[in-house]
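Listed below, chain by chain, are the residues.
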Amino acid sequence: MDMRVLRETAKKQMIGKCRVCPVCNGRVCAGEVPGMGGTGTGEAFTENVRALASYKLNMRTIHDALQPDTRVEMFGQQLKTPIMGAPITGAAINAGDALNELDMVSALVEGSQLAGSIGWIGDPANPSMYEDGLESIRRAGQGIAIIKPRVDIKEMIELFKLAEKAGAIALGTDLDGAGLITMALKGQPVGPKTKEQLIELVQSTALPFIVKGIMTVDEAIKCVEVGATAIVVSNHGGRVLDHTPGVADVLPEIARAVKGKVTILADGGIRSGADILKLLALGADGVLIGRPLIMGAYGGGTEGVKTIIDKYTSELKAAMILTGCKSIQEIGPEILWHK
Ligand SMILES: Cc1cc2nc3c(=O)[nH]c(=O)nc-3n(C[C@H](O)[C@H](O)[C@H](O)COP(=O)(O)O)c2cc1C
């Protein structure tokens, strides 16, 4: 699908919610939550973009990395690309009612799958929207479900069971959603979890367990200790707590502490294949994309989402050739230049 057409369509479809800026960096939409921005000053979103931009790539062309391999194994599945569709909910309230919830999440999950990857779903305050996410997993035949850290653990486990039945290949919680007042206002209060509670959650399912929203070394270590399969180093795209650092700034120390002990995923501010290469070099095993895929869904549905993932994958491949990386597993910090 033509990128120019996709962007122009998205701009019309998302009018009043997203300006589809030339660079999606959180500046003009600062504070627009609900909406597409970051919370408060919007800095947690803009920091994600700035932190990524602060790393440069060492260009190297004397080697034999002619045909880089972008495949990765993720939760027992072979994916064509390390780029996955992040969990996104609240189509109408955040991105505009040109798409209903089922349209948006289906485009995200099915588009990710068509690109040889996997899409994730989230868990908003409105239970019918979780059902839309589950339906998109049923349609695609696979997906990953991320449940809000509800105060009632039993309720979380019920929601995990529904995801298992729908065909999820992994599940977990966006622990960084622990302060979301909107959930409490809709009668579904959320909150932080103790290690004991996390162990109960991990042991409630046979599926790989993911903790999304880890930004510090001590909490990454706790995730290893409770038996999580994966963490997502993420500040929720800057939407939950103002003034958090950029993901690319905290990822290296987290990777130094837990690399190899848990799968490390990262998201926030990724806007190109080069950004993905940087996060992989900083220690991530895979990445999630949020806002650009929402734009893809509004601009071209399932095909639009696939187009963006394909574009980032081919940019990643080109950047791997020019930095001398033959495979995702081979990517390391030596390809980075930092002042
Ligand atoms: C409109 C919107 C809705 C989101 N909804 C959820 C959600 O329900 N659950 C979740 O874990 N993360 C949610 N996120 C966060 C994303 O999964 C992801 O962490 C973030 O968007 C990555 O940053 P990026 O948009 O800059 O790529 C949402 C993000 C946006 C922009």
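Above this text is the structure in question.
Residues numbered from 1 in each chain as written. Predicted model: local features only at pLDDT ≥ 70, side-chain atom pairs only at ≥ 80, totals over all residues. Heavy atoms only, no water.

Asker: In this structure, what is going on with the pairing of strand S8 (residues 209–214)? I would like to understand it.
Answerer: In terms of burial, S8 is largely enclosed, as 6 of its 6 residues are buried. Relative to S8, strand S7 (residues 170–174) is paired through 4 bridges, and the arrangement is parallel. Note that in S8 the partner of Thr173 across the bridge is Val211. In this structure, S8 lies alongside strand S9 (residues 230–233), joined through 4 bridges in parallel fashion. Counterpart to Ile210 in the pairing with S9 is Ala230. Each parallel crossover has a hand, and for S8 linked through helix H9 (residues 217–226) to S9 it is right-handed. (Buried < 20%, exposed > 50% of the residue type's maximum accessible area, 1.4 Å probe, protein only. Helix = DSSP H or I, 4+ residues; strand = E, 2+ residues; numbered from the N terminus. Pairing = 2+ DSSP bridges. Right-handed = clockwise from strand over helix to strand, strands pointing away.)

Asker: Whenever I open this one, the environment of Ile289 confuses me. Can you help?
Answerer: If you trace the backbone, Ile289 turns up in strand S11 (residues 286–289). Look at Ile289 and you get buried, because its relative accessible area is 1%. For the pair Ile289 and Ala86, spaced 203 residues apart in sequence, the C-alpha to C-alpha distance is 5.3 Å. With residues up to four places along the chain from it excluded, the contact list for Ile289 reads Ile83, Met84, Gly85, Ala86, Ile270, Ile276 and Tyr312. (Contact = heavy atoms within 4.5 Å.)

Asker: Would you mind going over the site of the ligand with me for this structure?
Answerer: In the neighbourhood of the ligand, 20 residues make up the surrounding shell, with Pro87, Thr89, Asp267, Arg271 and Arg291 lying closest. Between Asp174 and the ligand, the recorded distance is 3.2 Å, taken from a side-chain N or O atom to an oxygen atom. By residue class, the composition of the shell around the ligand is 5 nonpolar, 8 polar and 7 charged. (Near = heavy atom within 4 Å. Polar contact = N/O pair within 3.5 Å; in protein donor to acceptor, adjacent residues only side chain to side chain. Nonpolar A, V, L, I, M, F, W, Y, C, P; charged D, E, K, R; others polar.)

Asker: Teacher, can you tell me more about the nonpolar core here?
Answerer: Nonpolar side chains in soluble globular proteins tend to be buried together. With 104 residues, the main nonpolar core has Phe75, Met104, Trp120, Val233 and Leu279 as its most contacted residues. When residues of this core are assigned to their parent elements, the largest contribution, 12 residues, is made by helix H12 (residues 291–323). (Core = buried A, V, L, I, M, F, W, Y, C linked by side-chain atoms within 4.5 Å.)

Asker: Is there a simple way to think about the packing of aromatic side chains in this case?
Answerer: The geometry of an aromatic ring pair is captured by the separation of the ring centres together with the interplanar angle, meaning the angle of the planes. In the structure shown here, the tally under the stated rule is 1 aromatic pair. Ring centres 5.8 Å apart and planes at 90° place the aromatic pair Phe160 and Phe209 in the edge-to-face group. Of this pair, Phe160 sits in helix H6 (residues 153–166) while Phe209 sits in strand S8, placing them 49 residues apart in sequence. The lysine or arginine in question, Arg291, covers the ring of Phe45, its NZ or CZ lying 3.7 Å from the ring centre. (Phe/Tyr/Trp six-rings, centres within 6.5 Å; stacked < 30°, edge-to-face > 60°. Lys NZ or Arg CZ within 6 Å of the ring centre and 35° of its normal.)

Asker: What am I meant to see in the environment of Gly119 here?
Answerer: Position of Gly119 relative to the elements: it lies in the loop between helix H4 (101–114) and strand S5 (120–121). Between the C-alpha atoms of Gly119 and Ala30, which are 89 residues apart in sequence, the distance is 27 Å. Residues in contact with Gly119, not counting those within four places in the same chain, are Gly85, Leu108, Val109, Ser112, Gly143 and Ile144.

Asker: Please explain the pairing of strand S10 (residues 263–267) as it appears in this structure.
Answerer: With 4 of 5 residues buried, S10 lies mostly within the body of the structure. In terms of strand pairing, S9 meets S10 through 4 bridges, oriented parallel. Looking at S10, one finds that Ala230 is bridged to Thr263. The parallel pair S9 and S10, bridged by helix H10 (residues 247–258), forms a crossover whose chirality is right-handed. Direction of pairing for S10 relative to S11: parallel, over a ladder of 3 bridges. Across the sheet, residue Asp267 finds its bridge partner in S11, namely Leu288.

Asker: Just checking my understanding: could you explain the sheet that holds S9 for this structure?
Answerer: Strand-to-strand pairing in sheets goes through backbone hydrogen bonds, with the strands running parallel or antiparallel. Read across the sheet, 8 strands follow the order S4-S11-S10-S9-S8-S7-S6-S5 without closing on themselves; strand pairing throughout is parallel. Among the strands making up the open sheet, the edge pair consists of strand S4 (83–85) and S5. Across the sheet, H9 touches S8 and S9, and the angle it forms with S8 is around 170°. (Axes fitted to C-alpha atoms, helices over the stretch in contact; angles between N-to-C directions.)

Asker: Explain unusual backbone geometry here, please?
Answerer: Here the amide bond leading from Val33 into Pro34 is cis, since omega sits at 0°, within 30 degrees of zero. For Pro34, the location among the structural elements is in the loop between helix H1 (3–13) and helix H2 (43–54). Backbone geometry places Val20, a non-glycine residue, at a positive phi of 45°. Residue position: Val20 is located in the loop between H1 and H2.

Asker: How should the packing of H4 against helix H5 (residues 127–140) be read in this particular structure?
Answerer: Two quantities define a packed helix pair, namely the angle between the axes and the distance from one axis to the other. In contact at an axis separation of 9 Å, H4 and H5 are set at 35° when each is read in the N-to-C sense. The crossing of H4 and H5 is right-handed. For the pair H4 and H5, the contacting residues are Glu101, Leu102, Val105, Ser106, Val109, Glu110 and Gln113 in the first and Met129, Asp132, Gly133, Glu135, Ser136, Arg139 and Ala140 in the second. A per-class count over the contact of H4 with H5 returns 5 nonpolar, 4 polar and 5 charged. (Left-handed = near helix turned anticlockwise from the far one by under 90°.)

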